[in-house]
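An overview of the molecular structure
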Amino acid sequence: MLRGASLRVTRPRMAVLAAAHDHPHADTNAIIGLVRDELGEVSHQAVYDVLRALTGAGLVRRIELPGSVARYESRVGDNHHHVVCRSCGAIADVDCAVGAAPCLTASDDHGYALDEAEVVFSGLCPACVAALPSASPLPPA
Ligand SMILES: [Zn+2]
Ligand SMILES: [Zn+2]
């Protein structure tokens, strides 16, 4: 993948790419931890630099979801969206609703040539729904 993007293959780049691939939506700190597990001591700055290079080359996508730090994933180029749990912050991928960007048609494009709409679905994940106190508990049998 690195060679395909004309990036020099280095161990930190391979480790960061693997971390983003194996742990979708990991944040920078999680990626630093994963890379250190793999390579030993690596500076924050080195990981930031690699993330910037990989994002710039389109191998990694940086996402910013409401109420969350920046996260990274290796699933790129498919305009997929995210569902976010409002309670615990769990994140999952959902395919693009219509199959291609911009996905949504603006009610008024103001003459802009629009090519992207950021779609984030929010609500409660199944685990948080299950943990809700039931509004009407079943009577004891
Ligand atoms: Zn949740
Ligand atoms: Zn994703």
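Scroll up to find the structure.
One numbering rule holds for all chains: residues counted from 1, following each sequence as written. The naming scheme follows written order: chains are lettered A onward, ligands numbered 1 onward. In keeping with the predicted nature of the model, local features appear solely for residues at pLDDT of at least 70, side-chain atom pairs appear and are counted solely at 80 or more, and the whole-chain, interface and lining totals rest on all residues. Excluded from the side-chain calculations are hydrogens and water; all other atoms, namely the structure's heavy atoms, are used.

A few words now on the sheet that holds strand 5 (residues 91-94). Strand pairing is assigned whenever DSSP identifies at least 2 bridges connecting the two strands. Labels follow the DSSP assignment, with helices taken as runs of H or I lasting at least four residues and strands as runs of E lasting at least two, numbered in each case from the N terminus. Taken together, 3 strands build an open sheet; the order of strands is 5-4-6 and the sheet is mixed. Only two strands of the sheet have a single neighbouring strand rather than two, namely strand 5 and strand 6 (120-123). The average angle at which neighbouring strand axes cross in this sheet is 25 degrees, direction not considered. As defined by bridge partners, strand 4 (residues 81-85) adjoins strand 5 across 4 bridges and the pair is classed as antiparallel. Counted as the bridge partner of Val 83 is Ala 92 from strand 5. Axis definition: a line fitted to C-alpha atoms, over the contacting stretch in the case of helices. Angles run 0 to 180 degrees between N-to-C directions.

Moving on: the coordination of the zinc ion (ligand 1). Here the zinc ion (ligand 1) is held by the protein donor atoms Cys 85 (SG), Cys 88 (SG), Cys 125 (SG) and Cys 128 (SG), which lie 2.3 Å from it. Seen from the zinc ion (ligand 1), its 4 donor atoms lie at angles of 105 to 114 degrees, and the figure they make is tetrahedral. Only N, O and S atoms count as donors, using a 2.8 Å cut-off from the metal and 3.2 Å for Na, K and Ca, and because water is excluded some sites may appear unfinished. Of note, the donors binding the zinc ion (ligand 1) are all from one chain and are spaced C-x2-C-x36-C-x2-C. Among the residues examined, Cys 125 registers a relative accessible area of 14% and is labelled buried. Any coordination sphere not matching a tetrahedral pattern (four donors, all angles between 85 and 135 degrees) or a square planar or octahedral pattern (four or six donors, opposite donors over 155 degrees apart, other angles between 65 and 115) is reported as irregular. Working definition: with a 1.4 Å probe on protein chains only, accessible area under 20% of the residue-type maximum means buried, over 50% means exposed, and in between means partly exposed.

Quick look at the packing of helix 1 (residues 11-22) against helix 2 (residues 28-39) now. Between helix 1 and helix 2, the least distance of the axes is 9 Å, while the angle of their chain directions is 125 degrees. It follows that helix 1 is oblique to helix 2 by the angle criterion. Two packed elements cross with a definite hand, and for helix 1 against helix 2 that hand is right-handed. Packed against helix 1, whose contacting residues are Arg 11, Pro 12, Ala 15, Val 16 and Ala 19, the element helix 2 presents Ile 31, Leu 34, Val 35, Glu 38 and Leu 39 at the interface. Basically, the charged four are Asp, Glu, Lys and Arg, the nonpolar ten are Ala, Val, Leu, Ile, Met, Phe, Trp, Tyr, Cys and Pro, and anything else, Gly included, counts as polar. Residue composition of the contact of helix 1 with helix 2, grouped by class: 8 nonpolar, no polar and 2 charged. Each angle gets one of four labels, with under 35 degrees taken as roughly parallel, over 145 as roughly antiparallel, 65 to 115 as roughly perpendicular, and the rest as oblique. Each crossing gets its hand from how the near helix is turned against the far one by less than a right angle, where anticlockwise is left-handed and clockwise is right-handed. The contact criterion used throughout is that any non-hydrogen atoms of two residues lie within 4.5 Å.

Quick look at the coordination of the zinc ion (ligand 2) now. The coordination sphere of the zinc ion (ligand 2), as far as protein atoms go, consists of His 25 (NE2), Glu 73 (OE), His 80 (NE2), His 82 (NE2) and Asp 93 (OD), spread over 1.8 to 2.3 Å. Donor residues for the zinc ion (ligand 2), ordered by position in the chain, follow H-x47-E-x6-H-x1-H-x10-D. Here Asp 93 lies in strand 5 and His 25 lies in the loop between helix 1 and strand 1 (26-27), a separation of 68 residues in the sequence. On the basis of relative accessible area, His 25 is assigned to the buried category, the value being 8%. Asp 93 gets classed as partly exposed once you look at its relative accessible area, which sits at 27%.

As a further point, take the nonpolar core. In terms of nonpolar packing, the biggest core is built from 19 residues, with Val 16, Ile 31, Val 35, Val 47 and Leu 54 touching the most fellow members. Breaking this core down by element, the ones donating at least two residues are helix 1, helix 2 and helix 3 (44-56). Residue contributions to this core peak at 5 residues, all from helix 1. Remark: nonpolar core denotes a set of buried residues (Ala, Val, Leu, Ile, Met, Phe, Trp, Tyr, Cys) joined through side-chain atoms within 4.5 Å.

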